[in-house]
Each structure stands twice: as C-alpha cells, then as structure tokens.
Amino acid sequence: MMQIIGIFMVHEYKYTGIKEVANLRYCLEGYDEGSEFPERSGWSYTRYFFPEQFDRGLRLADSADELLEVFIELQQEEGLRATTEIPMQYLTLTIDYILRHCGVNGEVVDRITKQNWKKLYETRDILNLRNTMIRRGASMFSFPNVRKQNYQSYCWDSSWIKPFESPWSIFEKFKYANSVSSKDIISLFQALPKNHITTSDKNLYSLEKLDQNKFLSILRKDVHVDNQVLLQKLNIIMPFEHAAFLSESLVFCDECISDGFHSTLHQIIGMERCPFHLTSLRLRCPSCSTKFPYELSEINRSEPFICRCGYSFLKTNSFKENISTWRFKTPIDISRKEIRDWTKLNKGQLERASYLLFHPEPLINNMHDSLRFYLSILKDSSITLDERFIYNKFTYIFREFLPPSEEKKYVDELIETSHKCIKSIARHLRKTLIRNHRHCIRKLVRRSNEDVCPYAFAYVLWRQFVEGLKKYSLTDNNNLSRGRKKSYFESASKQDDYFISQLYDHLLTLQLKGLKIGKNETIWILNRLHAHLVLNHFRNWLRHTDYYVNNNKIPVQVPFSYEHLPFFVFELPSVETNGKIEFHYWYPKVNDTELICSRWKCPEEKI
C-alpha cells in the first residue's frame, strides 16, 4: 500500500473553485445543453424550469458575466480581500435556487438579470442553502489560514469586532456567517482536543479552555486578551469574587443586539441601563420571556441571534445588510461618563486602585453614584456632589509600628477588639435612640404577649442576627455573645463575617508583599468597617420593622443584605496618601430612618 502511495501520490494538488468567466460559462452551459431532466425526457435543466423562455432563446450561460460580477461585488461589499473563487458546491446551490424560484415553480421571469442573481443573496432561503453548503465543508470565499495539515476557509472580517464587544456576540457573528454551532466553535478554538464538552469549555468570561493563538489566526484579533483587560478593570472595582457580580444569564440592550452587538459591560449586575444607548437592559426574550445562559451554547435558541420561539434579535433577516452593518457601522461611544472614565483608567490609576478597599454592594445597588465617588479618589478630583450626598473622611496617623503576627494571641486580640467595637455601638444606641425603650426590650426578650414596641423590636432583632443567636430571646442587653476562642480571625458580626474575613485575608496578603500595615492599623481598619456595616444593619431593621410588627411576624432570617449601605473606601498607605490610611464615605443627606421613627408610637408611652 505504501509503495502505491509513494508512486502515485507524490505531490499534493489543491482543487480550486471557479475563478474565470470562461469556467463559469462552461458550467452554466451544462445546465443549458449538457444535462437531462427528468431522465429520458430529452430536456435540459434550463428547458424544464424555463420551457417557454428556453424556446425564445434563454440560456443560463448568457448570464455568466453578470453572475461573476455579482460574486465580485458581494465580496467587495463585505470587505473580503481574498482572490475571488466560487466553490462548486456553492455555485450549484446558487443555480438550484434560481431554477426553483425564477422558473415555472416561482416568479416565472422572462429573462434572468443581474438583479435576480443579487436578490437571492438578500433572502433567508439562500442563506439556509449557504448554511447547508458550509456544514459540508465549503465556504463562500477563500480565507487561507495557515493550520497544521489543514486548509480551511471561514467567512470572517476582524472589522466586525467592536470595542467592548463580548465574546458572546463575536461567536454569534461567526456562527451566523459560517453556519456552525457552539459545539463546532469549541471544537475549532479549543486548546486541547476533547471527546466531551464541560462547563468550563463554555465559559465566556474566562475563555480558559480556548486557544489564544487560534483567536489570532482565525478571528485575527486576540479576543481573550481584550476580554481579560476589561475583566481586570472590573476586578479592581470588585476585588472579592468579582465573578459573583457578573450575570450568569445573557443581559442585553435591544438597540445593541439588533445590530448584532453585545458588550461585557451589559453583564455587570447593577448595570440597569445600556452604557451606550442609556436604554433599559433586558434579561428575557421580548416575545416569550425566555432567559438565555451567558455561555457558548444553543440553550433556548434555534439559530444565531434567534430565540427558540422564532423571535429574531437582529434588525433584518438580510444576510447582506447584517454583514454590512457589522463592517461599516461606526462604534457607539459610551454615554455614561463614569463608565467611560472607568474603562479609560491608566496604568498608574489601576496601580493606585490596588490600594483601595471597599464593599462592592453599593456599586450593585447604586452603581453610577458609587462609581463617581470611587473615580474621584483615583483621579484626585474634587467631585461636585449634588444635594443628595454628604462626603466625609477620617485619617489614621501612624504612630508606633507593630508588625502583624499569625500567632493565636494576635488573632485573639483582633477578635476581642471587634467584639468591643460592636458592644460600644450597642451601648451608644441604648443611651440615645433606645434610651426610653429599655423596659420594652426586656419585655420583648421575655416574650411578652403585650403589644410590641417597634424600637425594641428593631434593636433586639438587630442584636440577634449580628451576634448570630438562634433566637431573639437569647439577646442580652449587657454582654455581647463571644463564643469560644478561635485559632483564626472571625468577625464579631456574624452577618458580615464572610466579607470582613475576606478583607482581613487581603490585608495579610498585602502585608506579605511589604505594605506597611501593622497591628494598630489593622485594628483601626476593622473597627471602622464594623461600625459602618453594623450601623447600616440597624438602620435597615428600622426600615423593616413596620412590616413585621404590623403583621405580628418574627423573621427567621435577615430580610435584607446590604441595602442602603453608604459607599465607602479605605485608601491604604501609598505615595498619594503620604503614608496615611484614609477612610472616605458618602451618605445621603435625607435620613429616611428619622422619618420612619417619627411615625412610631411605643405602647409604653403615656397618652
């Protein structure tokens, strides 16, 4: 066998498609004279589909020049620079369409004009025919990509990729133009060949299983790097598990997606409006309310940009118009100034951002205001606030530097300090807002069946969930529950332990990298953080108390997360702070909890 191959298969030869009008005319003449349809009829294809016109002299071969011109013009319109080469399978599908739709079973045209040939490329039917052809391995135009022992062509132009575009819409365009599935995309771009597809293969945030070099060779753009640069800036804003603040479902703008565009910015939870058009973002199909996962798959979709219900997200079904839009439409600028400024952060500002610590929840609940505050620090700009907010700042001045330690004694001291901080806040509340309601608190803790005082209810439930008690009757007004000693840091506020522990671990990491933050600095940061979070929890209980008291209900879990949390930032020692630690925070001028309390009436008050 090997001897036969060695004798007869010495050289490789590439079979080309139609390149010259003479070749095209020869093929068309086969339909006019060199074929028989139906069998034993003595008629050619052209005569069968155009019987009267054939008798009057109509021949497909006469359209050879016009058909080749259509292919060339279409190639130029789409910006494809490769040498014109019409694959034979594509040519036969094209002729098949003309015979069926312009002959006796279709429009019954007297003669086939250049407009007839052009029109078929603007219909959905020919797109489906083209898709069938591509699935069998051909393509519309030749795109030579250097690949090992393989020569394959793709319909693609790197100009279709716009700034801030997500991998989702990039791959949707590729699937649309080449009629391939998500499974084909994974197979084509994956780094290592695999027999089965996993969840990580479909991940459009990390793109970890797809080959960066294949992005360059096929798409002619490093989609992976562009995606990671944007996510890195998101990671600066949401440093702790930023992936939790990226939607698992596709979030889109009607205007953007109608042009085949989708941005990773749309996926940020809290981004309620499109940063380009300022229109409301959608999470479901406008026709059937179906949600789509943000991944490389066809779940709930029948074709690229089409829902399973048949709703098309694209503005038109014309393949030509969509391709033209992708190539020629000017990218829209980001309309939101704070979003635009964030995407333009320079290297120095990104470096400074690594010294900022904050809770990401305010960004989710009030993204645009919080992002303005955040950027005002990075850009050293005195932000002009409206009448809604008050800005405040506390500064820690370094005294004696005591290096941190992993020893149990050091951790115990941090835990003890956090308990004292919350205890002092509870004591302050009892001396101010709750001063006239201590008796009500004792009655509620003893589970009295009398009318509940709203002040006592808010305070007792706040203490229960901050301390992590199983039931509110265990609340003690004098001693904060501490539990057993820990060998690791654990926040005194059980409600905030996850976030505060993450921040503490982050501080330890920065300390190992040489940042000058010792025991005293760590205690100051943790105390400020505890006070800020815990007081906000109490204010939230004031907001929720009316519902539970009026309905005679006791919650079994916290009915809120970090709603209404004033945005805050810790800026760690750096050149910009002259080696100081600064705590910045912004809070609304209007205190709604004061209005709420003004309407309350304690059952113990004398009439």
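None of these values were measured; they are calculated from a predicted model.

Criteria and thresholds
- Residues numbered from 1 in each chain as written.
- Predicted model: local features only at pLDDT ≥ 70, side-chain atom pairs only at ≥ 80, totals over all residues.
- Heavy atoms only, no water.
- Helix = DSSP H or I, 4+ residues; strand = E, 2+ residues; numbered from the N terminus.
- Contact = heavy atoms within 4.5 Å.
- Buried < 20%, exposed > 50% of the residue type's maximum accessible area, 1.4 Å probe, protein only.
- Pairing = 2+ DSSP bridges.
- Axes fitted to C-alpha atoms, helices over the stretch in contact; angles between N-to-C directions.
- Parallel < 35°, antiparallel > 145°, perpendicular 65-115°, else oblique.
- Left-handed = near helix turned anticlockwise from the far one by under 90°.
- Nonpolar A, V, L, I, M, F, W, Y, C, P; charged D, E, K, R; others polar.

**Q** Which parts of the structure should I look at to understand the environment of T290?
**A** Position of T290 relative to the elements: it lies in the loop between α13 (254-258) and β1 (301-303). Between the alpha carbons of T290 and N300 there is a distance of 7.2 Å; along the sequence they are 10 residues apart. The residues contacting T290, other than those within four sequence positions of it, are L283, R284, C285, N300, C307 and R308.

**Q** Just checking my understanding: could you explain the pairing of strand β5 (residues 568-571) for this structure?
**A** Residues F568 and F570 point to one face of β5 and V569 and E571 to the other, with burial holding for every one of them. Summarising the sheet, strand β3 (residues 356-357) and β5 pair through two bridges and their orientation is antiparallel. The partner of L356 across the bridge, within β5, is E571. Pairing geometry for β5 and strand β6 (residues 581-588), over four bridges, is antiparallel. Residue pairing for β6: V569 is matched across the bridge by H584.

**Q** How should I be thinking about the environment of Y154 in this particular structure?
**A** Structurally, the position occupied by Y154 is in the loop between α8 (124-135) and α9 (167-178). In this structure Y154 comes out as buried when scored by relative accessible area, which is 5%. Between the C-alpha atom of Y154 and that of F174, which follows or precedes it by 20 residues, the distance is 8.6 Å.

**Q** What is the right way to read the pairing of β6 from this model?
**A** On any regular strand, side chains alternate: one points to one face of the sheet, the next to the other face. Burial analysis of β6 places six of its eight residues in the buried class, the great majority of the element. Pairing of strand β4 (residues 389-396) with β6 involves eight bridges; the strand directions are antiparallel. Across the sheet, I390 pairs through a bridge with Y587, a residue of β6.

**Q** Looking at this structure, how should I read the packing of helix α2 (residues 21-32) against helix α6 (residues 88-102)?
**A** Think of two packed helices as two axes; the pair is described by the angle between the axes and how far apart they sit. Contact geometry of α2 with α6 gives a least axis separation of 12 Å together with a crossing angle of 45°. Classified by the interaxial angle, the pair formed by α2 and α6 is oblique. As for the relative orientation of α2 and α6, their crossing is right-handed in sense. On α6, the residues touching L24, C27, L28 and Y31 of α2 are M88, L91, T92, I95 and L99. When the residues that make up the contact of α2 with α6 are grouped by side-chain class, the tally is eight nonpolar, one polar and no charged.

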